[in-house]
Every structure is written in C-alpha cells, then in structure tokens.
Amino acid sequence: VQLQASGGGLVQAGGSLRLSCAGSGRTLSGSDMGWFRQAPGKEREFVAAISWNGGRTVYADSVKGRFTISRDNDKNAMYLQMTSLKLEDTAVYYCAVRTVAMIGIPTTPSGYGYWGPGTLVTVSS
C-alpha cells in the first residue's frame, strides 16, 4: 500500500489545518490507521489513531480536544483536523497503516508497517 499525506503548510498559532492521507494499491478499510509526527531533533510521536471502521479513536494527551481524526473508507482516505494550533505542533506529520496484531489500537510506531512520506506543518507566532 502507498500512502500520501497532504495538507501541511504554514499557519499562525491558533489557526487550523486539515491533513489528508490518501491510500492506493489496496483498500484501507480493513485496517486501523494513525497519525504520527516528528519535530526536528525529536523522536516520532503518536498523535491520533482510528479503528478500521471509524468507531474508535485514540488521541495523544497533547492534542486531545484540539485535533480530530476521521476516515472515509469509500475514498480510501484518512484525515486529521487540527485546530487551536500551537508552536509545539510544528513537525512533519505522517500517516500510517497498522500491521501488527495486538489488543487495542497501537499508539507506538512499531504497530504500523506502512508509512507515507509525511507533510510539514509549521506553526508560527
């Protein structure tokens, strides 16, 4: 499966952005998916994840209440609506498809085997 994240850009603090993740090569409808981000000099960190049918979502504490993850299986796509953006949200954002079987939705990169190239989000003051 190939993933392509888009929608990143430069936004002022307090603003909003909507990221999209488009899948190709196979259907994503049977897989949990997630968003991760990596800031310069830092490790990749979990942002949000969604179950295969959209029925369950999980968020990092740092984005809870500000970000919303969703998916449209008919379009083979996943989204991340980001609001009230902060300077510390600046990072490259990656979408990923879960490939590891475990209880619950994974919140670490090791649970995901397919990754897109990422899209840069820069929040300015």
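For the structure itself, look to the data block above.
Only a predicted model underlies this, so the values are computations on that prediction, with no experimental measurement involved.

## Section: the overall build of the protein
Along its length, the protein carries zero helices and 11 strands. Against the 2.2 N^0.38 benchmark of 14 Å for 125 residues, the protein shows a C-alpha radius of gyration of 13 Å, consistent with a compact globule. C-alpha atoms of the protein, sized along the principal axes, occupy 40 × 25 × 25 Å. Counting across all 125 residues of the protein, residues that qualify as buried make up 42%. Here the protein displays about 6200 Å² of accessible surface, and carbon together with sulfur accounts for 50% of that area. Across the protein, the centroid of the 12 positively charged side chains sits 2 Å from that of the 8 negatively charged ones.

## Examining the environment of arginine 66
Examined against the element boundaries, arginine 66 turns out to sit in the loop between strand 6 (57-59) and strand 7 (67-72). What makes arginine 66 buried here is its relative accessible area of 10%. Arginine 66 has contacts with Gln81, Met82, Thr83, Ser84, Leu85, Lys86 and Asp89, leaving out every residue within four places of it along the chain.

## Digging into the state of the cysteines
A disulfide bridge is the covalent bond that connects two cysteines by way of their sulfur atoms. A full pass over the atoms with the stated rule returns one disulfide. Between the sulfur atoms of cysteine 21 and its disulfide mate cysteine 95 the distance is 2.2 Å. Because the sign of the S-S torsion sets the handedness, a value of about 70° for the bond joining cysteine 21 and cysteine 95 places this disulfide among the right-handed ones. Of the two residues, cysteine 21 sits in strand 3 (residues 17-24) while cysteine 95 sits in strand 9 (residues 91-98), which places them 74 residues apart along the sequence.

## Topic: the nonpolar core
Considering soluble globular proteins, one finds that nonpolar side chains tend to be buried as a cluster. Trp35, Leu80, Met82 and Tyr93 are the most contacted members of the largest nonpolar core, which totals 33 residues. At the level of secondary structure, the elements contributing two or more residues to this core comprise strand 1 (2-6), strand 3, strand 4 (33-38), strand 5 (45-50), strand 7, strand 8 (77-82), strand 9 and strand 11 (119-124).

## Digging into the packing of aromatic side chains
The description of an aromatic ring pair uses the distance of the two centres, along with the angle that the planes make with each other. Under the defined criterion, the tally for this structure stands at four aromatic pairs. Every member of this aromatic cluster is reached through a ring pair, and the members are Phe36, Phe46, Tyr112 and Trp115. Arginine 18 extends its terminal NZ or CZ atom over the ring of tyrosine 79, reaching a point 4.0 Å from the ring centre.

## Details of the pattern of salt bridges
In the structure shown here, the tally under the stated rule is five salt bridges. Between arginine 37 and glutamate 45 there is a salt bridge whose closest N-O contact spans 2.6 Å. When the shortest N-O distance is used, the salt bridge between arginine 66 and aspartate 89 registers 2.7 Å. Here arginine 66 is found in the loop between strand 6 and strand 7, whereas its partner aspartate 89 is found in the loop between strand 8 and strand 9, with 23 residues between them in sequence. Both residues of the pair, arginine 66 and aspartate 89, count as buried. A single network of salt bridges, built from pairs that share partners, joins Arg37, Glu45, Arg66 and Asp89.

## Looking at the sheet that holds strand 7
Here four strands make up an open sheet; going across it, the order is 1-3-8-7 and the pairing antiparallel. Strands with a single pairing partner mark the edges of an open sheet, and in this sheet they are strand 1 and strand 7. Averaged over neighbouring strand pairs, the angle between their axes works out to 15° when direction is ignored. Strand direction decides the pairing type here: strand 1 and strand 3, joined by five bridges, are antiparallel. Each bridged residue has a counterpart across the sheet, and for glutamine 2 the counterpart in strand 3 is serine 24.

Rules used throughout
- Residues numbered from 1 in each chain as written.
- Predicted model: local features only at pLDDT ≥ 70, side-chain atom pairs only at ≥ 80, totals over all residues.
- Heavy atoms only, no water.
- Helix = DSSP H or I, 4+ residues; strand = E, 2+ residues; numbered from the N terminus.
- Rg over C-alpha atoms; globule rule 2.2 N^0.38 Å.
- Buried < 20%, exposed > 50% of the residue type's maximum accessible area, 1.4 Å probe, protein only.
- Areas by Shrake-Rupley, 256 points an atom, 1.4 Å probe, with all protein chains shown as cover.
- Lys, Arg positive; Asp, Glu negative; His and termini not counted.
- Charge placed at Lys NZ, Arg CZ, Asp CG, Glu CD.
- Contact = heavy atoms within 4.5 Å.
- Disulfide = S-S within 2.5 Å.
- Core = buried A, V, L, I, M, F, W, Y, C linked by side-chain atoms within 4.5 Å.
- Phe/Tyr/Trp six-rings, centres within 6.5 Å; stacked < 30°, edge-to-face > 60°.
- Lys NZ or Arg CZ within 6 Å of the ring centre and 35° of its normal.
- Salt bridge = Lys/Arg side-chain N within 4 Å of Asp/Glu carboxyl O.
- Pairing = 2+ DSSP bridges.
- Axes fitted to C-alpha atoms, helices over the stretch in contact; angles between N-to-C directions.

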